[in-house]
Amino acid sequence: MPSSPLAGIAELEDLVADLSRFELALETFAQKLQLDLPAFPADHISVRCHQVATAERWRRGFEQCGSLLSENQINGRAICLFDLREPLRVCSWQIDVIELPYPGERRYPHEGWEHVELVLPGDPETLYARALTHFSDEALLAPGIKLKYSSPQGENERLPNPTLAVSDGSVTLKFHPHTLREIVASEQA
């Protein structure tokens, strides 16, 4: 197995250690949802933390293995995107963008890896309906499964990029119509 691009970076040791837990939780969640994860392109992976000091430490670590692609205020907090020099292997994917949201009002049950966002290209207005076609009614009605549809938007974003989040409380899969690279490019247009 190839080594992680995060390995050997002191500021990211906790995230390196947390990756196997996250992958197992993600695969278990996908089985519960009867979802074929490799059928979807993964756009990025995201972390969550409770303290600004942790976010700053992770930021210093990500700057050692990648470069800052974007920093934007979304819903009142800083969201940093890092372009990794080498992709991070997560389940069957090679992911080269990491999202680092600084802490906000909400407290998450776990500090570490929190979600993967998958791209469903197409009309943003039909994202919700298109995403739901990938799940059985049985999977969506399973105890503990929560759906949340939102339309977060950065200051200069020109592309609508709504999100459907599906979560069991410990891990989340999000679907959106555009990649973050497309969104960043729209901000610079």
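The preceding data block contains the structure.
Keep in mind it's a predicted model, so treat the numbers as computed, not measured. In this convention, every chain numbers its residues from 1, walking through the sequence in written order. Per-residue local features are limited, in this predicted model, to residues with pLDDT of at least 70; the limit for side-chain atom pairs, both in listing and counting, is 80 or more; totals at the level of whole chains, interfaces and linings are taken over all residues. With hydrogens and water stripped out, all remaining heavy atoms of the structure feed into the side-chain values.

Peer 1: Explain a nonpolar patch on the surface to me, and be specific about the residues and the numbers.
Peer 2: Two distance rules govern patches: like charges are joined within 9 Å, and nonpolar side chains (Val, Leu, Ile, Met, Phe, Trp, Tyr) within 5 Å, applied only to residues with over 30% relative accessible area and no salt bridge. Note on areas: Shrake-Rupley, 1.4 Å probe, and residue coverage restricted to the protein chains presented here. In the sections that follow, a salt bridge refers to a side-chain nitrogen of Lys or Arg positioned within 4 Å of a carboxyl oxygen of Asp or Glu. On the surface, Tyr128, Leu147 and Tyr149 cluster together into a nonpolar patch covering about 260 Å² of accessible area. Position of Leu147 among the secondary structure elements: in strand β6 (residues 146-150). Here a helix means four or more residues in a row that DSSP labels H or I, a strand means two or more in a row labelled E, and each is numbered from the N terminus.

Peer 1: Tell me what's going on with unusual backbone geometry, and back it up with residues and numbers.
Peer 2: In this model, Gln34 sits at a positive phi of 55 degrees, which is unusual for a non-glycine residue. Mapped onto the fold, Gln34 is located in the loop between α1 (13-33) and β1 (42-48). Its identity as a non-glycine residue notwithstanding, Cys91 has a phi of 55 degrees, on the positive side. Residue Cys91 is classed as buried on the basis of its relative accessible area of 12%. Accessibility here uses a 1.4 Å probe with only protein chains present; expressed as a share of the type maximum, an area under 20% marks a residue as buried, one over 50% as exposed, and anything in between as partly exposed.

Peer 1: Can you break down the packing of aromatic side chains residue by residue, with the values?
Peer 2: When we look at a pair of aromatic rings, we describe it by the centre distance and by the angle of the planes. Pairing of aromatic rings covers Phe, Tyr and Trp, the last counted by its six-membered ring, and requires centre-to-centre distances within 6.5 Å; plane angles under 30 degrees mean stacked, over 60 mean edge-to-face, and any other angle means tilted. Inspection of every chain in the model, using the stated rule, returns four aromatic pairs. Look at Phe62 and Phe82: their rings are 5.4 Å apart centre to centre, the planes differ by 45 degrees, and that puts the pair in the tilted class. Linking Phe62 in helix α2 (residues 52-65) with Phe82 in strand β3 (residues 77-90), this pair joins segments that are 20 residues apart in sequence. Centre to centre, the rings of Phe135 and Phe175 are 5.8 Å apart; their planes meet at 90 degrees, and the pair counts as edge-to-face. With Phe135 in the loop between α3 (127-132) and α4 (137-140) and Phe175 in strand β8 (residues 172-176), this residue pair connects regions lying 40 residues apart in the sequence. By the ring-pair criterion, three or more aromatic residues cluster together here, those being Phe40, Phe135 and Phe175.

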